[in-house]
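Examination of the molecular architecture
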Amino acid sequence: MRTIVNPDGVLPATMIADPDVESPMSYRRGRIAAATLIGSFALLGASACSAGTDADAPAPGATPLPTASASAQPGAGGQATEAQRAAFGQAHQGALALIALGGLGTNQGDGDQVKGLAPDVTSNGQALDQAIRDQATAQGVALTDGLSSAQQQVINDLQARNGQPFDQAWLRAALDMEQQARDAANAILNDPNASPEAKKAAQDALAGLDALKTRLTSASTSSGAADPGSVNAGTGGQAAEGDDVLPIALIGGGAALLAGAGLYRRRSRA
Amino acid sequence: MWVAAVGAVCVAAGVALLLVRPAHDVGVVPMAPPAAAAQTAPGVVPATVTIRGVDTPVVPVATAPDGSLTLPEQPTTVGWWSPGALPGSAAGSVVLAGHVDSRVAGLGAFAVLRELEVGERVTVRGADGRDVGYEVVARREYRKAELPSDVFDRGRAARLVLITCGGRFDPATRSYDDNVVVYATPR
């Protein structure tokens, strides 16, 4: 079985069925891995899939990355705790944002790169959301459909663009989502109390995210969406600061005075 | 002796003037995260920017393969870095950059950035006719190699970032030493 590269999704590569070998077993195995990872995120209280505009500034209403132990247990009677319900809600929002982002890319994408990536983003978001719903149902958590205000702002702003500006911003939004998923997976790996299954799922997710980031970064760079490293904005010199004349005159005049004083002193001794 | 003393003072003063940079930094650079209760109405694609009553056309620009920001050739037009935030959005830096001058056309529309003071108004008009108003809160001059990468940050609270060149000019390379950056926040 070959390694499946996740081109886009928030969660693991194993969520995608091998396009060459459509195997219900491989897809089911992938969904189980994803569900395990999602469950671990929920137990950790992670905002695994919430898609804000900055990985360091969580979307409004989103909780920070995990602080709870992976060994935290559901509440009495096997029901999810408040933290777990919040984590499910954020993961669900993240999946919906992914679906919305993919759909927008399909409808409004200008270049081949976005048009090629967008359907995969949509399908991964749908698969992810189904796994989240399954887990939530199993734990008695009701999910509310709807994006966070920050996610909706991203979508609305993308809709206001067209052409290359759309493609560039779309790629940046996808990179943001990828980074947030990466942060969530690394949080699992760094948690000493995370289960081996959760860590394996997180490791698989990171492998897929690495491949996704490579594709997104390449597309972002070639489309001109990478952050600029420099701004060269002037070739005429008319606006140059004119403060070199005085200091040069002072240095020149001062040097002449010193030379003159030295010459006078030498002649006086002679 | 007094001639030598005067000469030494002149040399010292000249060296000091060459080494000491003029004070170009005013105000406080806005670095806050986005507001918790963010709006969801879309921003506007910028069409013009107005500074001190002068309207300047704005066109979308992107990052060149060499990593530099592509700018319109004419210094009378400025570029909006299009992967960045939209004016009117709840978060992120809206980056507009323009030539301070050009060899052929003389001073550019953004030559005024060197003089902008805290409290001055800047207005960006969208392609749909909506105006987004900003107020200058800071001005900085950075060595080009030290231009902060976070001027392009899309995750902070909404702000307008205006960039041009400044400082000393090298006639051999026809380039300036520094970037002049003006920060403004929505009003």
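Residues numbered from 1 in each chain as written. Chains lettered and ligands numbered in written order. Predicted model: local features only at pLDDT ≥ 70, side-chain atom pairs only at ≥ 80, totals over all residues. Heavy atoms only, no water.

**Section: the overall build of chain B**
Tallying secondary structure elements over chain B gives one helix and eleven strands in all. In chain B, the succession of helices and strands from N to C terminus is α-β-β-β-β-β-β-β-β-β-β-β. For chain B, the spread of C-alpha atoms along the principal axes amounts to about 75 × 40 × 35 Å. Restricting the contact set of chain B to residue pairs at least 6 apart, pairs at least 24 apart contribute 64%. If you sum the accessible surface of chain B, you get close to 8000 Å²; carbon and sulfur atoms cover 60% of it. Each charge class in chain B was averaged separately, 17 positive and 18 negative side chains, and the resulting centres sit 1 Å apart. (Helix = DSSP H or I, 4+ residues; strand = E, 2+ residues; numbered from the N terminus. Contact = heavy atoms within 4.5 Å. Areas by Shrake-Rupley, 256 points an atom, 1.4 Å probe, with all protein chains shown as cover. Lys, Arg positive; Asp, Glu negative; His and termini not counted. Charge placed at Lys NZ, Arg CZ, Asp CG, Glu CD.)

**So, the nonpolar core**
Among the nonpolar cores identified, the biggest contains 37 residues, and Leu101(A), Ile132(A), Leu158(A), Phe166(A), Trp170(A), Leu171(A) and Leu216(A) are the most heavily contacted of them. Here the element with the most residues in this core is helix 5 (residues 163-189) of chain A; it accounts for eleven residues. The contacts of Phe166(A), once residues within four sequence positions are left out, are Leu104(A), Gly105(A), Gln108(A), Gly109(A), Val114(A), Leu158(A) and Arg161(A). Val231(A), Leu71(B), Ala97(B) and Ala111(B) belong to the second largest nonpolar core, which has 25 residues in total. (Core = buried A, V, L, I, M, F, W, Y, C linked by side-chain atoms within 4.5 Å. Buried < 20%, exposed > 50% of the residue type's maximum accessible area, 1.4 Å probe, protein only.)

**Looking at the confidence of the model for chain A**
Residue and element names in this part refer to chain A. Summarising the model, chain A shows a mean pLDDT of 71, and 68% of its residues fall at 70 or more. No element of chain A has a lower mean pLDDT than helix 1 (residues 24-44), at 41, and none a higher one than helix 4 (residues 149-159), at 91. Here residues 1-77 is modelled with pLDDT under 50, and outside its nearest four sequence neighbours on either side it reaches 187 contacts, counting other chains as well. (pLDDT = per-residue confidence, 0-100.)

**Describing the interface of chain B and chain A**
The partner chain A presents 46 residues to the 68 residues of chain B that form the contact. When chain B packs against chain A, the two sides together hide about 4500 Å² of surface, and 58% of this comes from carbon and sulfur. Inspection of the region where chain B meets chain A yields one salt bridge. As a salt-bridge pair, Asp176(A) and Arg154(B) come within 2.9 Å of each other at their nearest N and O atoms. (Buried area = accessible area lost by both parts, 1.4 Å probe. Salt bridge = Lys/Arg side-chain N within 4 Å of Asp/Glu carboxyl O.)

**What to know about the packing of aromatic side chains**
All names here are of chain B. Under the definition given, this model contains two aromatic pairs over all chains. Seen from their ring centres, Trp81 and Phe152 are 5.2 Å apart, and the 70° between their planes marks the pair as edge-to-face. Of this pair, Trp81 sits in strand 4 (residues 78-81) while Phe152 sits in the loop between strand 9 (131-143) and strand 10 (159-170), placing them 71 residues apart in sequence. (Phe/Tyr/Trp six-rings, centres within 6.5 Å; stacked < 30°, edge-to-face > 60°.)

**Describing the pairing of strand 5 (residues 93-97) of chain B**
For a regular strand, side-chain orientation follows a simple rule: the groups alternate between the two sheet faces. Residues and elements named next belong to chain B. Burial runs high along strand 5: five of the five residues are buried. Residue alternation in strand 5 divides its side chains into two sets, Ser93, Val95 and Ala97 and Val94 and Leu96, and both sets are buried. In this sheet, strand 10 lies alongside strand 5 in parallel orientation, the contact comprising five bridges. Along strand 10, the bridge assignment pairs Ala97 with Ile163. (Pairing = 2+ DSSP bridges.)

**A word on the side chain of Ser93(B)**
Residues and elements named next belong to chain B. Position of Ser93 relative to the elements: it lies in strand 5. When its relative accessible area of 0% is taken as the criterion, Ser93 is described as buried. At 2.8 Å, the side chain of Ser93 forms a polar contact with the side chain of Arg159. Residues contacting Ser93, with those up to four places away along its chain left out, are Gly84, Ala85, Asp150, Val151, Phe152, Asp153, Arg154, Arg159 and Val161. (Polar contact = N/O pair within 3.5 Å; in protein donor to acceptor, adjacent residues only side chain to side chain.)

**Let's talk about the pattern of salt bridges**
As enumerated under the stated definition, the model contains 15 salt bridges over all chains in all. Asp129(A) is the partner of Arg133(A) in a salt bridge, and the nearest nitrogen-oxygen pair spans 2.8 Å. Remark: Asp129(A) and Arg133(A) occur in helix 3 (residues 112-138); sequence separation between them is four residues, near one turn of the helix. Asp129(A) sits in the buried class, given a relative accessible area of 6%. The partner of Arg125(B) in a salt bridge is Asp131(B), with the nearest N and O atoms 2.6 Å apart. Residue Arg125(B) is classed as partly exposed on the basis of its relative accessible area, which comes to 41%. We classify Asp131(B) as partly exposed; its relative accessible area is 45%. Connected through salt bridges with shared partners, the residues Asp129(A), Arg133(A) and Asp145(A) form a single ionic network.

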